[in-house]
Amino acid sequence: MRTGAKIALGSGAAVVVLAGAAFALGPRLYAERAEQRVQDAPVIEGSGDTADLDVADFEGTWTVAEGDSYAGYRVDEILNGQEVTVTGRTPQVQGAVTVTEGSITAATITVDMASVTTDESARDGYFRDSALDVGTYPTSEFALTGPVELTPGDDSVALSGDLTIRGVAQPVTLEARVGVTDAGAQVAGSIPIAFADFGVEAPDLGFVTVEDEGAVEFLLDLVREQ
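A quick note: this is a predicted structure, and the numbers were derived from the prediction, not measured.

## Quick notes on the pattern of salt bridges
The final tally for this structure, using the stated rule, is 3 salt bridges. Taking the shortest distance from any N to any O, the salt bridge between Glu217 and Arg74 comes out at 3.1 Å. Of this pair, Glu217 sits in strand E12 (residues 213-224) while Arg74 sits in strand E2 (residues 70-79), and the two are 143 residues apart along the sequence. Accessibility expressed as a relative area gives 2% for Glu217, which makes it buried. You can call Arg74 buried: its relative accessible area is 5%. In this structure, the salt-bridge partner of Arg177 is Asp155, at a minimum N-O distance of 2.7 Å. One end of the pair, Arg177, is in strand E9 (residues 168-180); the other, Asp155, is in the loop between strand E7 (148-149) and strand E8 (156-165), with 22 residues separating them in the sequence. With a relative accessible area of 14%, Asp155 lands in the buried category. Among the ionic contacts, a cluster of salt bridges with common partners joins Arg74, Arg89 and Glu217.

## Details of the layout of surface pockets
Taken as a whole, the second largest pocket holds about 220 Å³ of empty space. Lining the second largest pocket are 13 residues, with Glu66, Pro91, Gln92, Val93 and Gln94 positioned closest to its centre. Counting only elements with at least two residues in the lining of the second largest pocket, the list comes to strand E4 (93-100) and strand E5 (103-112). For the lining of the second largest pocket, the element with the highest residue contribution is E5, accounting for 3 residues. Counted by class, the lining of the second largest pocket contains 5 nonpolar, 6 polar and 2 charged residues.

The rules behind each value
Residues numbered from 1 in each chain as written. Predicted model: local features only at pLDDT ≥ 70, side-chain atom pairs only at ≥ 80, totals over all residues. Heavy atoms only, no water. Salt bridge = Lys/Arg side-chain N within 4 Å of Asp/Glu carboxyl O. Helix = DSSP H or I, 4+ residues; strand = E, 2+ residues; numbered from the N terminus. Buried < 20%, exposed > 50% of the residue type's maximum accessible area, 1.4 Å probe, protein only. 1 Å grid on protein atoms, 1.4 Å probe; cavity = no way out; pocket = protein on both sides within 12 Å on 5 of 7 lines; lining within 4 Å. Points joined across faces, edges and corners; volume = space filled by probe spheres on them. Nonpolar A, V, L, I, M, F, W, Y, C, P; charged D, E, K, R; others polar.

Spatial relationships are all this shows, so hold off on functional conclusions.
Structure representation (structure tokens):
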């Protein structure tokens, strides 16, 4: 299982369409074709070595910049025994991170769920309408619930907060890596979740099997507020 992510995001008509494609192409060929469309896992582009940096230099509020920032999910669907990895993403991400006295003291990230797309429009339709009901719950949000100290020389950080999906908030731990770029900073990572906790039911239609666990992943470009 790559990146530890499995989730049900294809059900009803969407599952029928995807299964039909699998039968038409052959399960193995369909899986190979799908794997070619999978996005790479998020990785920071800047240096993660903060040993020579003064954490005081990061004081202030940083906002998510437009451009390379994105959020989404990585999932596995199993069609007739063939494991197919799927990634869905959107660049429609907003938020801010505040650093005070060498610690991250506040962070809120909001994602426009209606704009998350994969390589299949049928899957996307189910994701928006049935799984998440974006007409009622258009966004998902992560909000930090406690301060996290920044440590020079360590580019990994674990952020505890509340993740809200489909109007349901659950406590999660966000595992991330940080790096410095010419324009500011980057944060990349993932959040393991059980989708049943957010009211999303995993389908089991025989030829399609999925699990109840998944992961949200993200890459954020941050710039300091002037």
